[in-house]
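Chain and residue survey
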Amino acid sequence: MTSARPRIAVGGIYHETNTFAVGSTGLDGFAAYQHFVGEDLRRMAGTRSETGGFLTALERAAATVVPTAYAAAVPSATVTHADYEVLRDAILTRIAATPVDGVLLTLHGAMVTDGSGDPDGDLVQAVRELVGPDVPIAVTIDLHANVSDAMASGVQALVAYDTYPHIDMYERGQEAADLLLGVLRTGQPRSIVHRKLPFMTAPGMQATDGDPMRDLISLAHRIEREGELQVSLAPGFSYADVDATGFSVIVSGADQAAVAEAGATMAAAVDAAKERFVYEALSVAEACDLARGDENRPVILVDAADNIGGGAPGDGTAILEQWLTDGGTGLVVTIADPESVERAIAVGPGASVQLELGAKTDDAHGTPVSVEATVLRVTDGRYRQLGTYNRGYEVSMGRTVVLDVAGNTVVVSELKAMPFDAQQLISQGIEPAEADAIVVKSAIAWRAAYGDVAGTVLEVDTPGICTSRLDRLSWSPARAAMLPHWTLPTASTDITTIHEAEDA
Ligand SMILES: [Zn+2]
């Protein structure tokens, strides 16, 4: 089956679908973020993405790359199934056109279409059907994958990130490629086990440098080392009301009995730790009060409920509105609002404009804020990521304006962009370290951008579809039973308690 130079197909579809988001995600959403078809996919070489990792490992092994197609969109609403099929078929037709010895796929693992709760599983099984039972497939997934049995079944490795904020895609890509190449070299197949734990956690509870994920990942690594296994944890994406939602443990390796045993051990450890997934937040008013009085700047105001990386619209106004009401200055906040961009561009830099800012996508993220703004600059909103999250990616916010609103800086863009790289602000002439406070529309991943400069970090209980209070969303009965009943994080009225808890 294997030639001296193995021919490895590379491709993927990457989408984290928030089924609570309004609207739908189509081909334009992928075209606006990352979309490479055929030979173009080689342009991902040198990025610190999974695909970048595949290409590095394949080059090292002198394998022949068969580029298929890779498409990624910013997390957003349910994908149109017909558009998913276009992206899927772009991969399948290129695999079908030439003999391949193995297949490497990059998935997010939490995509939902209007025709399928598990398109990732559909894609994996479609590839399997195409290449037959003997061609190995290895897959990378996000730590927020909602893993299904169809995604795991019949693949030789299903490798999730070990980090949140996610900064190890490149390494996990290489790991998956090396496991695939190992199967080809030795002819020894790997078995895989997927264990689903039926409970949900919010992103703010899942940081891998905190309790309990740090301990669970370190146990996974110990099991890997001792048993020559691959162990992945996917706490999942809890803003999707589908059957695959929940916490997954995936183990693969050559020794079937060892794989099964490790799967059971890891699943038991996760289950035992579930009540350690906790989260607390301040009310918007309390957080703004504290931030203004805190000299440890820039204070980071975490607007997790408007988490762009979780599919929220990025136009939430709750913190901005409170801040302006209180007369605060020195705040930096980003708002996706194409209508306001248009109006600001119409008056031009240096001019003033009256705007109803933000909160236009739906009714879940506050209300539009009436502001008198001065336009400081107009840009094309493009920047290249230079930090630890997918370094090398080119990102577009669409046309973007920087506004001064009563001594605060508001970056308003046509497209929402995940705040995972400081270039988002630096490219707009804003030095993050010099801000008094920065609103991040993110739960954890913002730390890849601003962790270095952050002063005090305040978790804020804002309204939005990525609320950490999962119980505030409306769930079908099967998911309602999986809510984290042991902790209902609430806005505190006792600030001292929270500080003590942080120090403990
Ligand atoms: Zn993720």
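Owing to the predicted nature of the structure, the values given are computational and were not obtained by experimental measurement.

In this section: the overall build of the chain. Looking only at helices and strands, the chain features 15 helices and 21 strands. Here the C-alpha radius of gyration of the chain, 23 Å, is about what a compact globule of 504 residues would show, namely 23 Å. Projected onto its principal axes, the C-alpha positions of the chain cover 70 × 50 × 40 Å. Counting only residues that meet the buried cut, the chain has 62% of its 504 residues in that class. Contacts spanning at least 24 positions in sequence make up 75% of the contacts within the chain whose residues lie at least 6 apart. Summing over all exposed atoms, the chain offers an accessible surface of approximately 18200 Å²; the carbon and sulfur share of this is 49%. For the chain, the distance from the average site of its 34 positive side-chain charges to the average site of its 68 negative ones is 6 Å.

This part is about empty space enclosed by the protein. If a probe the size of a water molecule is rolled over the atoms, the empty space left behind becomes visible. For the structure on display, the rule yields 7 cavities of 30 Å³ or more. A per-class count over the lining of the largest cavity returns 18 nonpolar, 9 polar and 3 charged. When its volume is computed, the second largest cavity comes out at roughly 70 Å³. If you go around the second largest cavity, you meet 11 residues; those closest to its centre are Tyr-279, Val-460, Asp-461, Thr-467 and Ser-468. A per-class count over the lining of the second largest cavity returns 6 nonpolar, 3 polar and 2 charged.

So, about helix H7 (residues 213-227). Taking 1.5 Å as the rise per residue, H7 with 15 residues should run 21 Å; its terminal C-alpha atoms sit 21 Å apart, in good agreement. By the burial criterion, the buried members of H7 are Met-213, Leu-216, Ile-217, Leu-219, Ala-220, Ile-223 and Glu-224. When H7 is viewed along its axis, its buried side chains cluster within an angular range of 155 degrees and face the same direction. Exposed residues pointing more than 90 degrees away from the buried face of H7 are listed as Arg-225 and Glu-226. Each element contacted by the buried residues of H7 is listed here: helix H6 (169-186), strand S8 (229-234), strand S9 (247-253) and helix H8 (256-273).

As a further point, take the packing of aromatic side chains. Tallied over the entire structure, the rule returns 7 aromatic pairs. For the pair Phe-199 and Phe-247, a centre-to-centre distance of 5.5 Å together with 35 degrees between the ring planes defines the contact as tilted. Here Phe-247 lies in strand S9 and Phe-199 lies in the loop between strand S7 (191-197) and H7, a separation of 48 residues in the sequence. Residues Phe-199 and Phe-247 agree in their burial class; the two are buried. For the pair Phe-247 and Phe-277, a centre-to-centre distance of 6.0 Å together with 70 degrees between the ring planes defines the contact as edge-to-face. With Phe-247 in strand S9 and Phe-277 in the loop between H8 and strand S10 (281-282), this residue pair connects regions lying 30 residues apart in the sequence. Grouping residues by exposure puts Phe-247 and Phe-277 together as buried. Three or more aromatic residues joined by ring pairs make a cluster, and in this case those are Phe-199, Phe-247 and Phe-277. Note that Arg-292 overlies the ring of Trp-323, its terminal NZ or CZ placed 5.9 Å from the centroid.

Moving on: the sheet that holds strand S20 (residues 457-459). Strand order in the open sheet made by the 8 strands is S13-S14-S17-S18-S12-S19-S11-S20, with mixed pairing throughout. Each end of this open sheet is capped by a strand with a single partner; those strands are strand S13 (352-357) and S20. Mean inter-strand twist for the sheet, computed between neighbouring axes without regard to direction, equals 30 degrees. Where strand S12 (residues 331-336) and strand S18 (residues 408-413) come together, 5 bridges link them in parallel fashion. Across the sheet, residue Ile-335 finds its bridge partner in S18, namely Val-412.

Here the focus is the coordination of the zinc ion. Note on the zinc ion: its protein donors are Asp-142 (OD), Asp-142 (OD), His-144 (ND1) and His-166 (NE2). The metal-donor distances range over 2.0 to 2.8 Å. For the zinc ion, the 4 donor atoms are set out with angles of 51 to 146 degrees between them, so the coordination reads as irregular.

On to the environment of Tyr-393. By the secondary structure assignment, Tyr-393 is in the loop between strand S15 (382-384) and strand S16 (394-396). Note: C-alpha distance between Tyr-393 and Gly-455 (62 residues apart in sequence) is 27 Å. Those residues in contact with Tyr-393, other than ones at most four positions away along the chain, are Tyr-33, Gln-34, Met-44, Thr-47, Ser-49, Tyr-70, Tyr-383, Arg-384 and Gln-385.

Turning next to the environment of Pro-203. Inspection of the secondary structure assignment puts Pro-203 in the loop between S7 and H7. By relative accessible area, which is 7% here, Pro-203 ends up buried. Along the primary structure Pro-203 and Leu-357 are separated by 154 residues, whereas in three dimensions their C-alpha atoms are 27 Å apart. Excluding anything up to four places from it in sequence, Pro-203 contacts Tyr-164, Tyr-239, Ala-443 and Ile-444.

In this section: the packing of helix H3 (residues 81-96) against helix H4 (residues 119-131). Two elements in contact, H3 and H4, have axes whose closest approach is 10 Å; the angle formed by their N-to-C orientations is 20 degrees. Here H3 is positioned roughly parallel relative to H4, judged by the angle of their axes. Taken as a pair, H3 and H4 cross one another with a handedness that is right-handed. In contact with Tyr-84, Arg-88, Ile-91, Leu-92, Ile-95 and Ala-96 of H3, H4 contributes Pro-119, Asp-122, Leu-123, Ala-126, Val-127, Leu-130 and Val-131. Here the contact of H3 with H4 is composed, by residue class, of 11 nonpolar, no polar and 2 charged.

Turning our eyes to something else, we now look at the side chain of Thr-47. Tracing the sequence through the fold places Thr-47 in the loop between strand S2 (34-37) and helix H2 (50-60). Within the structure, Thr-47 has its side chain in polar contact with the side chain of Ser-49 (distance 2.8 Å). Those residues in contact with Thr-47 that sit more than four places away from it in its chain are Gly-52, Tyr-170, Arg-391, Gly-392 and Tyr-393.

Turning our attention to the pattern of salt bridges. Two side chains carrying opposite charge are able to pair once their charged atoms lie near each other. This structure, assessed with the given rule, holds 28 salt bridges. In this structure, Arg-43 and Asp-40 form a salt bridge, with 3.5 Å as the shortest nitrogen-oxygen distance. Where Asp-326 meets Arg-292, a salt bridge forms, and the shortest distance between an N and an O atom there is 3.0 Å. Residue Asp-326 is located in the loop between helix H10 (318-325) and S12, and its partner Arg-292 is located in helix H9 (residues 284-293); the two are separated by 34 residues in the primary sequence.

Rules behind the numbers
- Residues numbered from 1 in each chain as written.
- Predicted model: local features only at pLDDT ≥ 70, side-chain atom pairs only at ≥ 80, totals over all residues.
- Heavy atoms only, no water.
- Helix = DSSP H or I, 4+ residues; strand = E, 2+ residues; numbered from the N terminus.
- Rg over C-alpha atoms; globule rule 2.2 N^0.38 Å.
- Buried < 20%, exposed > 50% of the residue type's maximum accessible area, 1.4 Å probe, protein only.
- Contact = heavy atoms within 4.5 Å.
- Areas by Shrake-Rupley, 256 points an atom, 1.4 Å probe, with all protein chains shown as cover.
- Lys, Arg positive; Asp, Glu negative; His and termini not counted.
- Charge placed at Lys NZ, Arg CZ, Asp CG, Glu CD.
- 1 Å grid on protein atoms, 1.4 Å probe; cavity = no way out; pocket = protein on both sides within 12 Å on 5 of 7 lines; lining within 4 Å.
- Points joined across faces, edges and corners; volume = space filled by probe spheres on them.
- Nonpolar A, V, L, I, M, F, W, Y, C, P; charged D, E, K, R; others polar.
- Expected span 1.5 Å × (residues − 1).
- Arc of directions from axis to C-beta.
- Phe/Tyr/Trp six-rings, centres within 6.5 Å; stacked < 30°, edge-to-face > 60°.
- Lys NZ or Arg CZ within 6 Å of the ring centre and 35° of its normal.
- Pairing = 2+ DSSP bridges.
- Axes fitted to C-alpha atoms, helices over the stretch in contact; angles between N-to-C directions.
- Donors = N, O, S within 2.8 Å, 3.2 Å for Na, K, Ca; no water.
- Tetrahedral: all angles 85-135°; square planar, octahedral: opposite > 155°, others 65-115°.
- Parallel < 35°, antiparallel > 145°, perpendicular 65-115°, else oblique.
- Left-handed = near helix turned anticlockwise from the far one by under 90°.
- Polar contact = N/O pair within 3.5 Å; in protein donor to acceptor, adjacent residues only side chain to side chain.
- Salt bridge = Lys/Arg side-chain N within 4 Å of Asp/Glu carboxyl O.

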